[in-house]
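Secondary and tertiary structure notes
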Amino acid sequence: MIPGMTYQSLYRRLHDDPSFSNQAGLAGPLSGVAALELLTRFVGIPLAALDVPPIELSRQFPRNEVPEVARGVFGRELTRYRKWRNLLLDCLLVHTGSPVDADTIDALRRIWRLEFGSAQANRLTEISNLLPSPLGLKDLTRTSAIEIDAKLSGNKRQTFRAGLSVLDRLRDLKIVTDAGLLPTEKIGYLAKPSAHATAVPLPPQLEEYRAAAPERVKYGLPFVWRLAVTAGILRPAADVTPAMLVEPEILMRLRALRPADFGFRRPGVEAYRVYLKAIADDLVPGLLERLSHERDPAATAWSELRRRLREAGQHRAEQRLATVGACAARAKLKPEQLTSDWFADQQRQLRGSSVDGFLRGARMLDQLRGSGLLDPALLPAGPSGVPPALPRANKPKTAKPKKVGRNPCPTLTEVWTYFFEDLRKTGLEKSRVHRFYALKAVALRAGCRPNELDATLVDNARRMTNSQKANAISGAARLLDELRSVEDLRSYMPARPIGPLPDRRQSAPDLTGELAEETECALRLRGLSASGSRSTRIAVKAFAAVARGRDMGFASLSELLTYDFEQIDWGLVQAKVNRYKSSLRALRDFLFLAWTPDWTALQEAVVRAGVSSVDNPVSALLGYAQGRSPAELDLAWAVGVDRDLRRCSTHAPYGRADLALTFARNIARLDALHGIETVRATDLLPSLIGPIRM
């Protein structure tokens, strides 16, 4: 398109196409028309005669300085000038469908803002600042991204990865790839520096296979590949294919590996074999099992015997052969190779419940030999030598004697029966009576009557059981003390009240070192109440304990919060885990904001002034600041954020009026800070912004 025609046709489009204003994010067509009229005033040329390409125009009107020709309107007020410049260049970009900024970062930021909103646009500037010179965004590949990521930590790593996500989304846009602003190849997800895929990266074809594979394969493939390379079974070449993993010889060599032999504490050998089986079954179903049987005739024979039993409907017989089959398979013996000497030798070696299972299996083999149900060639040639099971003696039922009154010399069990009878006569609710069953079980094991209970016995019993039963025992002990004044129960009461029992609750180890210092610093900066700080501190302690238990390395709070605490198995009660996650989520969102010295100083001043965290707008507004300092916030910025939050194209399908209302309340809270002398004295507050929407 000829430059003069570009500006003239844009002017007509603003007049004739009502939908264009929404595409360009304009409040209405008049603002775009006014921007073009100001442009003609600055350059002194009619639109039809203006022959400056849009990219050259962005150079003539730079972003960081008001040019001489525009100072008659804007003076040196950079904020108003940038608003006009952005409005003009936004219209030109939407109109031409091509980048209009000479600077690559500015061009990508503008495209992102118009396509996805302004929320993540700053990520592009942040990631460009993290790239080593002379590497640019155009030169960034997956390999270089992995190298850079490995050298970063904490907040910088999070910022870098967030920037990579923005770049990958931009690569989906035709305007970006056509203009050559970014290469078409996506960088994709980066594994953690401690991950197996980072230590030994997957070859390209394995990476492609992993991306499309089921979850059970995605999880285990990086470790299987790392172990294969570490063991020297496969070499880290670019042409390695998934099919190589299931070549029979390689697959059986992989199955024979034990991770511990190569210095891996986790996963264990069983988990590793689960990973390997998932990969093999996904590529060639049943291959691993078939190869195992081919190399182990005994396992094949036992598998065939079980199959024949299933076909004959003898599922119970199949189950009873489990222990015998496992012992024989370990000894590499087929069913027909079993002898009475082997059965006798196994009985001497086995211990515990395995003996019963083994004997049942031996007797079942004897029954099958005489049943004619199966081919004799599949069964032992002779009897097992195990004697038949003795028949159970049926004891004659005797009628229970009728109760004729209480025993004057009651047994221990009778005393507790009488106690429950008298307890119910008091009219005590059934739910409270049931509490004593846990206490009764403790007393019967100890050989104690109700009046012989004491605090030591009860507390020891709580420590030897699970938390549910321990809580029941504690409740019964408290209730027993409450019932001491009931006349009909006094004969059952211990000589002394049991009294308060020691607190059984356990807490995670206290925070130490850099983690403790960083946590306390973050809590002071947030300005939470005492209870809020305590809850957050407990959540950090709990997650740190969980992370240490899973060998997740970290030295600081920011490193700890980079781990995904949402998906990990905490091993705690779910209600408690949900509270911890909520506290950690709020702390992570606060810490990972783009804090600058000015924003930090303002936050500290507001906290020192005693403003509660609920009424403190600083962190909430920092999330929308788009690189501005606190003093640079103004009404034009606030209106832009408000419109972006309500825009349907940004927040489909109906916009986010709820977020816009919250933002407006925070603007009101920011204005209210002018009434606090100590905050106003910092000179960090902007001018009063006032209402956003009239």
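I will try to describe carefully the structure that is included in this document. Because the structure is predicted, anything quoted here is derived from the model rather than measured.

Description of the overall build of the protein chain
- Each helix and strand counted, the protein chain has 37 helices and zero strands in total.
- Based on the C-alpha atoms only, the size of the protein chain along its principal axes is roughly 115 × 80 × 50 Å.
- The proportion of buried residues among the 694 residues of the protein chain is 40%.
- As displayed, the protein chain has an accessible area near 38200 Å², and 52% of this comes from carbon and sulfur atoms.
- Taken as two groups, the 100 positive and 77 negative side-chain charges of the protein chain have centres that lie 8 Å from each other.

Examining the environment of R449
- Structurally, R449 can be placed in the loop between α26 (436–446) and α27 (455–463).
- The class of R449 is partly exposed, set by a relative accessible area of 29%.
- Put simply, R449 and V415 are 34 residues apart on the chain and 6.8 Å apart in space, counted from C-alpha to C-alpha.

Observations regarding the packing of helix α29 (residues 513–526) against helix α30 (residues 530–549)
- At a minimum axis distance of 11 Å, the contact between α29 and α30 shows a crossing angle of 150°. Regarding the angle of α29 to α30, the classification is roughly antiparallel. Between α29 and α30 the crossing geometry is right-handed. On the side of α29, the interface is formed by L515, T519, E520, L523 and R526, while α30 contributes S533, T536, R537, V540, A544 and R548.
- Split into classes, the residues belonging to the contact of α29 with α30 amount to four nonpolar, three polar and four charged.

A word on the packing of aromatic side chains
- Within this structure, the stated rule accounts for 23 aromatic pairs.
- Geometrically, the ring pair formed by F61 and W84 is edge-to-face, given 5.3 Å between the ring centres and 70° between the ring planes. Of this pair, F61 sits in the loop between α4 (54–60) and α5 (71–74) while W84 sits in helix α6 (residues 78–96), and the two are 23 residues apart along the sequence. Summarising the burial analysis for this pair, F61 and W84 share the class buried.
- Here the aromatic rings of F223 and Y272 are separated by 6.0 Å at their centres, their planes lie at 80°, and the arrangement is edge-to-face. One end of the pair, F223, is in helix α14 (residues 215–230); the other, Y272, is in helix α17 (residues 269–283), with 49 residues separating them in the sequence.
- Under the relative-accessibility criterion, F223 is labelled buried at 2%.

Overview of the nonpolar core
- Counting residues in hydrophobic clusters, the biggest one holds 53 residues, and the most contacted among them are Y7, W84, L140, F160, L164, L170 and V176.
- Of all elements in the fold, only α1 (3–16), α3 (29–43), α6, α7 (104–116), α8 (122–130), α9 (142–151), α10 (154–170) and α11 (174–178) reach the threshold of two or more residues within this core.
- Among all residues touching W84, those that are not within four sequence positions of it are A35, L38, L39, F42, F61 and F74.
- Ranked by size, the runner-up nonpolar core spans 32 residues in total, among them Y209, L245, Y272 and I279.

Section: empty space enclosed by the protein
- Enumeration according to the criterion identifies one cavity of 30 Å³ or more in this entry.
- Every residue along the wall of the largest cavity is listed here: L57, S58, F61, W84, R85, L88 and L89.
- Counting residues per element, the ones that place at least two in the lining of the largest cavity are α4 and α6.
- Considering every element that reaches the lining of the largest cavity, the biggest residue donor is α6, with four residues.
- Class assignment of the residues belonging to the lining of the largest cavity gives a composition of five nonpolar, one polar and one charged.

Calculation notes
- Residues numbered from 1 in each chain as written.
- Predicted model: local features only at pLDDT ≥ 70, side-chain atom pairs only at ≥ 80, totals over all residues.
- Heavy atoms only, no water.
- Helix = DSSP H or I, 4+ residues; strand = E, 2+ residues; numbered from the N terminus.
- Buried < 20%, exposed > 50% of the residue type's maximum accessible area, 1.4 Å probe, protein only.
- Areas by Shrake-Rupley, 256 points an atom, 1.4 Å probe, with all protein chains shown as cover.
- Lys, Arg positive; Asp, Glu negative; His and termini not counted.
- Charge placed at Lys NZ, Arg CZ, Asp CG, Glu CD.
- Axes fitted to C-alpha atoms, helices over the stretch in contact; angles between N-to-C directions.
- Parallel < 35°, antiparallel > 145°, perpendicular 65-115°, else oblique.
- Left-handed = near helix turned anticlockwise from the far one by under 90°.
- Contact = heavy atoms within 4.5 Å.
- Nonpolar A, V, L, I, M, F, W, Y, C, P; charged D, E, K, R; others polar.
- Phe/Tyr/Trp six-rings, centres within 6.5 Å; stacked < 30°, edge-to-face > 60°.
- Core = buried A, V, L, I, M, F, W, Y, C linked by side-chain atoms within 4.5 Å.
- 1 Å grid on protein atoms, 1.4 Å probe; cavity = no way out; pocket = protein on both sides within 12 Å on 5 of 7 lines; lining within 4 Å.
- Points joined across faces, edges and corners; volume = space filled by probe spheres on them.

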